[in-house]
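Report on the structure
Residue-level listing of the chains:
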There are 2 protein chains.
Amino acid sequence: MDSVELRKIGKAATSAARSLASLSGDVRNKAISNIADGLSSSRSEIVLENSRDIEKGRKKGLSEAVLDRLLLNDERIDVIARDALSVVGLSDPVGEIIEMNTMPNGLEVSRRRVPLGVIGVIYESRPNVTVDISALCLKSGNAVILRGGSEAFHSNTVLADVIRAAILDAGISKDAVQIVGSTDRKFVSEMLKMDEFIDLMIPRGGADLVARVAKEASMPSIIGGVGVCHTYVDESASLDMAVDIVFNAKVQRPSVCNALDTMLVHVSAAPEYLPKIANAFAEAGVEMRCDTRSMSILGSREDVKITPAVEEDWDTEHLSLTAGVKVVDSLEAALDHILDHGTGHSEAIVTEDTSSAARFLNEVDSSAVMVNASTRFNDGGQFGLGAEVAISTNKMHARGPMGLKELTSYKWIVLGDGHIRE
Amino acid sequence: MDSVELRKIGKAATSAARSLASLSGDVRNKAISNIADGLSSSRSEIVLENSRDIEKGRKKGLSEAVLDRLLLNDERIDVIARDALSVVGLSDPVGEIIEMNTMPNGLEVSRRRVPLGVIGVIYESRPNVTVDISALCLKSGNAVILRGGSEAFHSNTVLADVIRAAILDAGISKDAVQIVGSTDRKFVSEMLKMDEFIDLMIPRGGADLVARVAKEASMPSIIGGVGVCHTYVDESASLDMAVDIVFNAKVQRPSVCNALDTMLVHVSAAPEYLPKIANAFAEAGVEMRCDTRSMSILGSREDVKITPAVEEDWDTEHLSLTAGVKVVDSLEAALDHILDHGTGHSEAIVTEDTSSAARFLNEVDSSAVMVNASTRFNDGGQFGLGAEVAISTNKMHARGPMGLKELTSYKWIVLGDGHIRE
């Protein structure tokens with residue numbers, strides 16, 4: 001693997017994308033179901049290659065949590081295959097007519113959905129991403145260049161082999177799915193400059209990766225997957241509902257981007273609400289990083305870890321069982337806090353007051369803004385997109401969960417009958 | 001004007017954008033109609049300032065064509081005011097619900113259209129852009145930072161003064177429309193790095209400006225307004241229709257991006273078609289840059305300028321009464337030529353064969369692809385968008401003509417009733 005080879009990958013992807021764009025949905029679906037079959041029939045090979053990654057990771061001292069995310073076994077391979085198959089059933093975005101109008105001069109003008117072209121994806125440890133993203137790119141008619149993490153190198157390589165054989169079998173060029181066959185980080189930098197070949201770069205990983213892509217990529221890229229998410233418990237909130245929603249947002253899956261980072265509580269609700277949520281957090285082992293006022297309301301408790309928040313807590317995506325807690329004097333103060341510290345990802349208000357809800361929905365400028373629901377719902381599956389490649393906090397192109405349509409562009413189709421412009 | 005001041009402009013725009021986003025459509029419309037009124041009542045002042053630009057331009061030796069584009073008189077000011085007023089009548093994109101779904105769990109999920117935030121526009125000589133863009137940005141709830149060309153400096157300054165007074169009168173912060181008060185080019189570079197404040201950069205000008213913005217802008221930017229546009233005359237074309245369409249695409253307004261640059265002619269149609277189009281071009285004074293085959297068909301004629309094409313002609317946006325002419329052996333050869341030399345802007349086929357038309361529509365990857373119509377139709381007004389800020393050749397976000405909707409993003413609005421994620 002060298003730079004010349006990387007550019008060859010780019011060039012081949014561009015050419016594969018061109019043929020993909022004119023293939024029927026049936027062929028693309030066949031390729032995806034072939035992938036599912038291929039995964040099932042290559043299980044033992046995949047498990048073997050995966051065990052090499054696991055062994056290497058163990059020697060390298062990776063945590064059990066990371067090793068678990070890396071692990072592929074028969075059951076997990078079946079789940080990955082089933083997820084790929086579910087993409088077959090989604091409606092085909094390619095060729096969809098978005099709008100069609102006949103102009104007063106008789107010109108027929110429509111917009112037809114077309115693939116973006118070549119998607120680049122740089123991702124970290126989980127090898128299932130290799131299959132998920134390939135299936136979604138094929139379904140949306142895009143070629144993809146994958147660059148997975150070094151920990152999953154052998155797993156990703158064997159998965160890519162399975163995928164490439166499967167799509168070739170459906171009559172699609174192998175080059176529609178390519179993997180960067182090196183974990184040398186210099187190829188990430190080079191990939192990020194290949195705007196000649198890559199139409200969209202999607203980083204799937206931690207804040208450092210996302211920031212690096214935002215800074216270095218010469219092609220459009222998705223900023224997302226990183227969120228300092230707030231839930232505001234309004235004066236008028238149903239406190240039991242607030243406990244459920246905040247608890248769910250924090251505890252149900254603390255390691256993901258739409259989990260709660262900071263809870264803001266109206267000063268009138270705080271005395272009754274804070275002890276309740278502390279009881280719930282106590283059971284789950286959540287650490288509360290409290291401002292002075294919430295600290296004094298909670299007092300000293302043995303069952304839950306309460307520590308004073310420092311300024312940088314408000315700007316921290318915890319990704320763990322830690323929650324910032326702050327008492328605010330008003331909805332306005334909550335909005336100000338979110339404006340100063342939010343990352344535009346997911347924000348929720350718990351309230352029974354429709355005017356508070358409306359103001360929150362209007363003024364919070366995040367990819368998803370919620371009333372009386374857990375921020376954990378900011379997800380392509382939960383929003384009915386059927387699949388998700390990323391959650392974008394960009395405002396251009398796609399915002400929030402990105403499904404198949406968000407991997408497409410459109411072209412204007414104009415049908416005339418000798419029309420000329422006056 | 002210094003760098004500190006430029007950053008102040010950026011900061012003020014961000015804050016103005018925030019208030020704009022929650023103003024009603026009525027207020028934004030009122031601001032735009034105030035602008036129209038302000039232009040009418042400030043005519044003499046505008047003409048006076050404009051005459052300073054004209055005088056300076058004349059001394060600088062600007063061509064009459066450029067001076068004419070620069071000129072403002074009572075009549076032109078009325079046209080600009082009328083164009084602004086027509087924006088009032090367009091439907092308000094802000095707050096529009098794009099999609100609304102109730103999920104199986106009862107969660108109500110919708111997407112609400114919101115402004116992008118702050119738009120930066122860098123443009124060249126025509127001062128009407130100052131008003132056009134301001135009206136479109138206000139209508140779509142965006143703040144704007146304008147940086148016009150040095151030739152129009154006094155005109156743009158007085159127009160911005162009129163606009164700012166007009167919007168203030170409607171209760172909108174003056175900072176919603178700001179102009180960079182210096183023609184020093186270093187501020188262009190600085191503006192292109194202000195991604196902290198500017199959400200989208202739109203260049204309106206020649207190829208050099210567009211390329212510079214594409215290369216230097218740290219925020220998303222629109223690539224567009226530059227096109228090497230093709231019309232292919234198929235074997236089965238109605239030749240009279242082909243003459244009309246090609247003539248219109250080349251001659252009706254040769255200085256714009258969707259005008260014809262290269263005409264491709266099927267080898268069977270060429271012997272009859274080429275003399276016909278040459279007759280038409282002769283009358284309009286179009287120079288034909290011909291490949292060997294078309295040259296030998298046309299022979300030597302006194303009425304029309306026929307010169308041999310050189311390789312770089314195929315990659316040139318002529319912006320003048322010059323047309324590349326090439327004979328091709330097949331539709332496939334035409335598609336290959338467009339693939340190699342096109343810029344993804346506007347391409348047309350003239351044909352009576354529906355399968356040729358379908359193939360051309362499928363395989364040409366341009367912002368607008370046309371059958372039996374002039375490429376000059378690739379325009380927001382002609383496509384029913386009501387207005388146009390640019391013609392994008394990007395695939396991300398907006399492609400082709402960009403109207404009001406293309407100046408917006410959306411946010412996901414989620415209404416629950418205590419919903420938590422299982």
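As the structure is a computational prediction, the values presented were derived from the model and not from experiment.

**Description of the overall build of chain A**
Counting secondary structure elements, chain A contains 14 helices and 16 strands. Over its C-alpha trace chain A gives a radius of gyration of 24 Å, about what one expects of a compact globule, namely 22 Å for 422 residues. The dimensions of chain A, computed from C-alpha atoms along their principal axes, are 70 × 70 × 35 Å. By residue count, 52% of the 422 residues in chain A fall in the buried class.

**What to know about the relation of the copies chain B and chain A**
Its rotation angle being 180 degrees, the transformation that places chain B on chain A also includes 0.0 Å of axial translation and leaves an RMSD of 0.0 Å. When the rotation and shift are considered jointly, the pair of chain copies conforms to a two-fold rotation axis. Ranked by how close their C-alpha atoms come to the rotation axis, the residues of chain B are headed by B:H397, at 1.8 Å. Taken as a fraction of all interface residues of chain B, those also at the interface in chain A reach 100%, which identifies the copy contact as same-surface.

**Comments concerning the domain arrangement of chain A**
Residue and element names in this part refer to chain A. Partitioning chain A into domains gives domain 1 (3-223 + 398-415) and domain 2 (229-382). Each of domain 1 and domain 2 has a C-alpha centre, and the two are 35 Å apart. The element best represented in the side of domain 1 that touches domain 2 is strand β15 (residues 400-402), accounting for three residues. Grouping the amino acids of the side of domain 1 that touches domain 2 by side-chain chemistry returns three nonpolar, two polar and one charged.

**Some remarks on the confidence of the model for chain A**
As a note on interpretation, predicted positions should not be read in detail where pLDDT is low. Residues of chain A with pLDDT of at least 70 account for 100%, and the chain-wide mean is 96. Our summary of model confidence lists the complex with pTM equal to 0.94 and ipTM equal to 0.95.

**Here's the deal with the sheet that holds strand β11 (residues 322-328) of chain B**
Ordered in space as β1(A)-β2(A)-β16(A)-β13(B)-β12(B)-β7(B)-β8(B)-β11(B)-β9(B)-β10(B), the 10 strands form an open sheet in which the pairing is mixed. At either margin of the open sheet sits one strand with a lone partner, and together these are β1 (97-102) of chain A together with β10 (306-308) of chain B. With direction set aside, neighbouring strand axes in the sheet form an average angle of 20 degrees. Pairing of β1(A) with strand β2 (residues 108-115) of chain A, which is carried by five bridges, proceeds in the antiparallel orientation. Of the residues in β2(A), the one forming a bridge with A:E99 is A:R111. Of the strands in this sheet, β7 (229-233), β8 (260-266), β9 (287-290) and β11 of chain B touch helix α11 (residues 270-284) of chain B, which is tilted by about 150 degrees from β8(B).

**What to know about the packing of helix α2 (residues 25-41) of chain B against helix α5 (residues 74-88) of chain B**
Residues and elements named next belong to chain B. Contact geometry for α2 and α5: axes closest at 9 Å, N-to-C directions at 170 degrees. As judged from the angle between their axes, α2 and α5 are roughly antiparallel. In this structure, α2 uses N29, I32, S33, I35, A36, L39 and S40 to contact α5, whose residues at the interface are I77, I80, A81, A84, L85, V87 and V88. Class assignment of the residues belonging to the contact of α2 with α5 gives a composition of 11 nonpolar, three polar and no charged.

**Let's talk about the interface of chain B and chain A**
Each partner contributes residues to the interface: chain B has 50 residues there, and chain A has 50 residues. Listing elements by their share of the side of chain B that touches chain A, those giving two or more residues are α10 (239-251), α14 (354-363), β13 (368-373) and β16 (408-419) of chain B. Top element by residues in the side of chain B that touches chain A is β16(B). It accounts for 11 residues. A breakdown of the residues in the side of chain B that touches chain A according to their chemical character gives 23 nonpolar, 18 polar and nine charged. Inspection of the sheet shows strand β16 (residues 408-419) of chain A paired to β13(B) by five bridges, in the parallel sense. Among the inter-strand pairings, A:V414 is bridged to a residue of β13(B), identified as B:M370.

**Some words on the pairing of β16(A)**
Each regular strand shows side chains that alternate between the opposite faces of the sheet. Of the pairings in the sheet, the one linking β2(A) to β16(A) comprises eight bridges and is antiparallel in character. Its bridge partner being in β16(A), A:V109 is matched across the sheet by A:V414.

**Some remarks on the environment of B:D184**
The residue B:D184 is located in the loop between β5 (177-179) and α8 (186-192) in this model. Expressed as a C-alpha distance, the spacing of B:D184 and B:G149, which sit 35 residues apart in the sequence, is 10.0 Å.

**Structural notes on the nonpolar core**
Formed by 142 residues in total, the largest nonpolar core has its most connected members in A:I35 and B:I35. Residues B:A237, B:L335, B:A348 and B:M370 belong to the second largest nonpolar core, which totals 53 residues.

**Things to note about helix α1 (residues 3-21) of chain B**
All names here are of chain B. Helix length check: α1, at 19 residues, gives a terminal C-alpha distance of 27 Å against a target of 27 Å (1.5 Å per residue), a fit within 8%. The complete set of buried residues in α1 reads L6, I9, G10, A13, A16, A17 and L20. Angular distribution of buried residues about the axis of α1 spans 135 degrees; they occupy a single face of the element. Turning to α1, the residues buried within the fold contact β2 (108-115), β3 (118-123), β4 (143-147), β5 and α8.

**Focus on the sheet that holds strand β6 (residues 200-204) of chain A**
Residues and elements named next belong to chain A. If you walk across this open sheet you meet the four strands as β5-β4-β3-β6, and the pairing is parallel. If you trace the sheet from one side to the other, it starts and ends with β5 (177-179) and β6, each paired once. Recorded for the sheet is a direction-independent mean angle of 20 degrees between the axes of neighbouring strands. Note: strand β3 (residues 118-123) against strand β4 (residues 143-147), five bridges, orientation parallel. Bridge pairing in β4 links V118 to A143. Running at roughly 145 degrees to β4, helix α1 (residues 3-21) makes contact with β3, β4 and β5 of the sheet.

**Some details on helix α14 (residues 354-363) of chain A**
One full turn of an α-helix is made of 3.6 residues, so residues set three or four places apart face in the same direction. Residue and element names in this part refer to chain A. What α14 keeps buried is the set S356, A357 and F360. Here the buried residues of α14 occupy an arc of 100 degrees about the axis, which is enough to place them on one side. Across from the buried face of α14, at angles greater than 90 degrees, the exposed residues are T354, S355 and A358.

**Brief notes about the environment of B:T262**
All names here are of chain B. Of note, T262 is situated in strand β8. Separated by 56 residues in sequence, T262 and H318 have C-alpha atoms that sit 9.2 Å apart. Apart from the residues within four sequence positions on either side, T262 is in contact with V228, H230, W314, G324 and K326.

**A word on the packing of α2(B) against helix α7 (residues 153-169) of chain B**
All names here are of chain B. The interhelical angle for the contact between α2 and α7, taken along N-to-C directions, is 135 degrees, at an axis separation of 8 Å. Taken together, α2 and α7 sit at an angle that is classed as oblique. The interaxial crossing formed by α2 with α7 has right-handed handedness. Residues A31, N34, I35, G38 and L39 of α2 touch α7, and the partners they reach there are V162, I163, A165, A166, I167 and D169.

**Considering the pairing of strand β12 (residues 346-350) of chain A**
All names here are of chain A. Across the five residues that make up β12, a large majority, five, are buried. Side-chain alternation along β12 places S346, A348 and V350 on one buried face and E347 and I349 on a second face that is also buried. Pairing of strand β7 (residues 229-233) with β12, which is carried by four bridges, proceeds in the parallel orientation. Looking across to β12, one finds that H230 is bridged to E347. Here β12 pairs with strand β13 (residues 368-373) via four bridges, running parallel. Note that in β13 the partner of S346 across the bridge is A368. The parallel pair β12 and β13, bridged by α14, forms a crossover whose chirality is right-handed.

**What to know about the environment of B:A81**
All names here are of chain B. Checked against the element boundaries, A81 lands in helix α5. Judged by the 21 C-beta atoms lying within 10 Å of it, A81 falls in the buried class. Along the backbone, A81 and V256 are 175 residues apart, and their C-alpha atoms lie at a distance of 23 Å.

Quick notes on the rules
- Residues numbered from 1 in each chain as written.
- Chains lettered and ligands numbered in written order.
- Predicted model: local features only at pLDDT ≥ 70, side-chain atom pairs only at ≥ 80, totals over all residues.
- Helix = DSSP H or I, 4+ residues; strand = E, 2+ residues; numbered from the N terminus.
- Rg over C-alpha atoms; globule rule 2.2 N^0.38 Å.
- Buried ≥ 20, exposed ≤ 12 C-beta atoms within 10 Å, placed from the backbone.
- Least-squares fit on C-alpha atoms with pLDDT ≥ 70 in both.
- Contact = placed C-beta atoms within 7 Å.
- Domains from an automatic or database assignment.
- Nonpolar A, V, L, I, M, F, W, Y, C, P; charged D, E, K, R; others polar.
- pLDDT = per-residue confidence, 0-100.
- Pairing = 2+ DSSP bridges.
- Axes fitted to C-alpha atoms, helices over the stretch in contact; angles between N-to-C directions.
- Parallel < 35°, antiparallel > 145°, perpendicular 65-115°, else oblique.
- Core = buried A, V, L, I, M, F, W, Y, C linked by C-beta atoms within 7 Å.
- Expected span 1.5 Å × (residues − 1).
- Arc of directions from axis to C-beta.
- Left-handed = near helix turned anticlockwise from the far one by under 90°.
- Right-handed = clockwise from strand over helix to strand, strands pointing away.

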